[in-house]
Amino acid sequence: MADSPTQPARPMRMAARPATRLTARLAVRTATAVLLIGLAAWAGSWLAMRQGLAALEQVAAQRLEVAAARLDAQLSRFDFLPSLLETSPEVMQFFAQPDNAQRGYGVNLYLQSLNAIAGSDNLYLVDRAGIAIAAADFALPGTPYGRDLSYRPYVREALAGGRGHFYGLGVTSARAGYYLSYALPSQGTALGLATVKVDLAGMEQEWRQLPGPVLVVDEHQVAILSSRDDWRWRPLVALSEAARAEAAAARRYGPSSLEPLGWRDRGAGEGQARRVQAAGQRWLASTRQVHQGRWQLILLDDEAAVRASARNWAFSAALAMALLLAAAALLDARRRAIRQHLASRAALQRAHDALERKVAERTAALQAAQDELVHAGKLAVLGQLSAGLVHELNQPLAALQTVSDNADQLIQRNRLDEARDNLARIGRLVARLKRLSSQLRLFASKPAGILGSVELLRLVQELQQQLAPRLQEAGIALSLDGVPATLAVAGDESRMEQVLANLLGNAIDALQGVPGPRRIEVQATVAEGRARVAIRNNGPLIPDTILARMFQPFITTKPAGKGMGLGLMVSAHLVREFGGTLSAHNLVPTGAEFVIDLPLRRADAE
């Protein structure tokens, strides 16, 4: 009795174990799904970031190439100018007599004119002591004329090595520029220097049209040129004390505070570019050495658009992975359901096999019943076809009336040969009326299933003769050039004649009142054991509302009293009995086409 309270606990523990395993399995699957979605998002972001940076770097490389070429061209444009002064006797003699005021005035004017022709910012002479003894802007405020420039690096470099280069703020003009100096030699020693100053502000103006910032840094990594004014005279990183002292002694950067841009290298891009951070923003930096390696040209492109694209790709990849996992879960559920229903499917298959046997046993009986139903359906529309045959009889009767009237006129005029031809034509029309009158009997009877051979061109030519008065009266040209002479199709000649006569008659009626040339073309082509016979006219288009119901009874485009709308229905039915189809289409820009698709005569098809 003491153990009885503990007995129900065992089933509870046994039921709890599957639930625990199910919970653990669900937790593992959920964690795996989250991990896969996270990996997909990371892969999408990484791939999009790589592709975006590569595309951005490719475009930047092209801009960098152009900007570097333009800057080097501007710097080398005035290389010749300082050395050109060596060829001037007045300049060389002035260095020997610098106190000659009259000669000095002439040299100043010469420098002024030469500077104006060359387009440089300034042109001046410096003696060996570093004093500017002549200048193109000698008469303007801020001129270096008379100033001591010996502390400038380009003066010291030129006196020591023959040439000097320098970029910085002008001491007297407070305008930045590129200084190029050249020592003027005489008997192995330098008499003094010729210096040209080049204004590069135009380059900065051009760079402002580019998508991102552009800057040029000198040997101290200070931005001496920039498309952004607030970046000019700022170093990429903080300058050392020695660099600050040298800059102060040469007065390179004027009163600038030299506040660093906070340049930080964030790693390589996809090619030569670097990913950097400057002024609190992330950029892709493309660099190139210019000015014979003295300076570095840097193009920056904002990474914001690339990062936005990477986020979108990460979201798309995560969504795709989630959908893929959902599809996999659905497939797994379906697989389990299929496995659980294998026994039921086997039973259903056995029942299906038994049903197939019963169906096979009764197929023959059903086929016979179907033939009886088709025949009953034909009898049901016998009344409609009777009215259709009356409509078809109107065409040969009208031709008979025209031919008989012509025969009477020919006899009166004693044109007996032509009258005999008309009488023969009357006989053929009477025979056609006899054939048409037999269509009710033929339609009501079951088809024998044996089709004859119809020579298409001969049949159409006979119809052309019968319809000649109507064609001539309406001014219509009937072309049979597209019908091969040897083409023969499977069918009944009398019924095929009825179909073609109805289609040609409808084409003649459609061309009534059409301006300009009126044409009916009959063309036939053969492909894959079947013949395609097209009857085209250049009359008006068939309205879409009628075209969709063209082969239904009592559908017509003719005026009231001109047609009952049964001819096309009868023709379509006859063509189907031959194993073919009858269809109608509008042509572009105008006209209509009726197409009969029929099997070829058996011998031709083989």
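Predicted model only: the values in this text are computed from it and were never measured.

Asks: Please clarify how helix H7 (residues 241–250) should be interpreted in this entry.
Replies: For an α-helix, 3.6 residues make a turn, and residues three or four places apart therefore share a direction. Inspection of H7 places Ala243, Ala247 and Ala250 among the buried residues, and these make up the whole buried set. All buried residues of H7 project into a common sector of 70° when viewed along the axis, lining one side. Turned more than 90 degrees away from the buried face of H7, the exposed residues are Glu241, Ala242 and Ala248.

Asks: Mind showing me how you'd approach the nonpolar core here?
Replies: Generally speaking, a soluble globular protein has its nonpolar side chains buried in company with each other. Judged by nonpolar contacts, the single largest core of 50 residues is most densely connected at Leu500, Ile520 and Ile596. Among the elements that make up this core, the one with the highest residue count is helix H15 (residues 493–510) (eight residues). Sequence-distant contacts of Ile520, defined by excluding residues within four places in its chain, comprise Leu471, Ile476, Ala477, Leu478, Ser479, Leu504, Ala507, Ile508, Leu511, Ile535, Arg536 and Asn537. Membership of the second largest hydrophobic core comes to 48 residues, among which are Leu81, Phe95, Tyr167 and Leu239.

Asks: What is the right way to look at the environment of Phe80 in this model?
Replies: With respect to the secondary-structure elements, Phe80 resides in helix H2 (residues 80–84). For the pair Phe80 and Val196, spaced 116 residues apart in sequence, the C-alpha separation works out to 9.9 Å.

Asks: What exactly am I supposed to notice about the pattern of salt bridges here?
Replies: Within the structure shown, the criterion is met by 25 salt bridges. Arg208 is paired through a salt bridge with Asp229; the nearest N and O atoms lie 2.7 Å apart. Of this pair, Arg208 sits in the loop between helix H6 (201–207) and strand S6 (214–217) while Asp229 sits in the loop between strand S7 (223–226) and H7, and the two are 21 residues apart along the sequence. Of the charged contacts in the structure, one is a salt bridge between Glu418 and Arg415, with a shortest N-O distance of 2.6 Å.

Asks: What's the story with the sheet that holds strand S13 (residues 476–482) in this structure? I'm lost.
Replies: The pairing of strands in a sheet comes from backbone hydrogen bonds and takes either a parallel or an antiparallel form. The strand order across the open sheet built from five strands is S13-S15-S16-S18-S17, with neighbouring strands paired in mixed fashion. Single-partner strands in this sheet number two, and they are S13 and strand S17 (581–586). For this sheet, the mean inter-axis angle between neighbouring strands, taken without regard to orientation, is 15°. Along the sheet, helix H17 (residues 567–577) makes contact with S17 and strand S18 (592–599), crossing S17 at roughly 135°.

Asks: Would you mind showing me how to read the packing of aromatic side chains here?
Replies: How two aromatic rings sit relative to each other is set out by the distance from centre to centre and by the angle between their planes. Taken as a whole and judged by the stated rule, the model has nine aromatic pairs. Measuring from centroid to centroid gives 5.9 Å for Tyr154 and Phe166, while their planes differ by 35°, and the two rings are tilted. Remark: Phe166 occurs in strand S3 (residues 163–169) and Tyr154 occurs in helix H5 (residues 153–161); sequence separation between them is 12 residues. Across the pair, Phe166 and Tyr154 agree in class, each one buried. Feature note: the residues Tyr167, Tyr178, Trp233, Tyr253 and Trp295 constitute an aromatic cluster, connected by ring pairs. In this structure, Arg152 packs its charged tip against the face of Tyr179, placed 5.7 Å from the ring centre. Lying over the aromatic face of Tyr151, Arg251 brings its terminal NZ or CZ to 4.6 Å of the ring centre.

Asks: Which parts of the structure should I look at to understand helix H8 (residues 304–340)?
Replies: With 37 residues, H8 should reach 54 Å at 1.5 Å per residue; the first-to-last C-alpha distance of 54 Å fits that figure. Every buried residue of H8 is accounted for by Val306, Ala310, Ala314, Ala317, Ala318 and Met321.

Asks: Can you walk me through the packing of H15 against H17 in this structure?
Replies: How two helices sit against one another is set out by the angle between their axes and by the gap between those axes. At a minimum axis distance of 9 Å, the contact between H15 and H17 shows a crossing angle of 145°. For H15 against H17, the interelement crossing comes out left-handed. Along its contact with H15, which presents Arg495, Gln498, Val499, Asn502, Leu503 and Asn506, the element H17 presents Gly567, Leu568, Val570, Ser571, Leu574, Val575 and Glu577. Looking at the contact of H15 with H17 residue by residue, the classes come out as six nonpolar, five polar and two charged.

Asks: Please explain the sheet that holds S7 as it appears in this structure.
Replies: Read from one edge to the other, the open sheet built from six strands follows the order S7-S6-S11-S10-S9-S8, with strand pairing classed as antiparallel. Among the strands making up the open sheet, the edge pair consists of S7 and strand S8 (264–268). In this sheet, neighbouring strand axes are inclined to one another by 35° on average, regardless of whether the strands run parallel or antiparallel. With eight bridges connecting them, strand S10 (residues 281–290) and strand S11 (residues 295–302) associate as antiparallel partners. Residue Gln289 lies in a different strand from S11, and its bridge partner there is Gln296.

What counts and what doesn't
- Per chain, residues are indexed from 1 in the order of the written sequence.
- Since the coordinates come from a predicted model, pLDDT governs what is reported: local features require at least 70, and pairs of side-chain atoms require 80 or more to be given and counted, while whole-chain, interface and lining totals use all residues.
- In computing side-chain properties, one takes all heavy atoms of the structure into account and sets aside hydrogens as well as water.
- Note on exposure labels: buried denotes an accessible area under 20% of the residue type's maximum, exposed denotes more than 50%, and partly exposed covers the range between, all computed with a 1.4 Å probe on protein chains only.
- For helices the rule is a DSSP run of H or I covering at least 4 residues; for strands it is a run of E covering at least 2, with both sets numbered from the N terminus onward.
- By definition, the arc is the one covered by directions from the helix axis to the C-beta atoms.
- Throughout, nonpolar core names a set of buried Ala, Val, Leu, Ile, Met, Phe, Trp, Tyr and Cys residues whose side chains join them through atoms within 4.5 Å.
- By definition, residues are in contact when any of their heavy atoms lie within 4.5 Å.
- By definition, a salt bridge exists where a carboxyl oxygen of Asp or Glu is found within 4 Å of a side-chain nitrogen of Lys or Arg.
- Any two strands with at least two DSSP bridges between them are considered paired.
- Working convention: axes come from line fits to C-alpha atoms, limited for helices to the stretch in contact. Angles between N-to-C directions cover 0 to 180 degrees.
- Stacked, edge-to-face and tilted labels apply to pairs of Phe, Tyr and Trp rings (six-membered ring for Trp) whose centres lie within 6.5 Å, assigned for plane angles under 30 degrees, over 60, and everything in between, in that order.
- Our definition puts a charge over a ring when NZ of Lys or CZ of Arg is within 6 Å of the ring centre and also within 35 degrees of the ring normal.
- Expected helix span is taken as 1.5 Å per residue step, with the number of steps being one fewer than the number of residues.
- Here a crossing is called left-handed whenever its near helix is offset anticlockwise from the far helix by less than a right angle, and right-handed whenever the offset is clockwise.
- Put simply, Ala, Val, Leu, Ile, Met, Phe, Trp, Tyr, Cys and Pro go in the nonpolar bin, Asp, Glu, Lys and Arg in the charged bin, and everything else, Gly too, in the polar bin.

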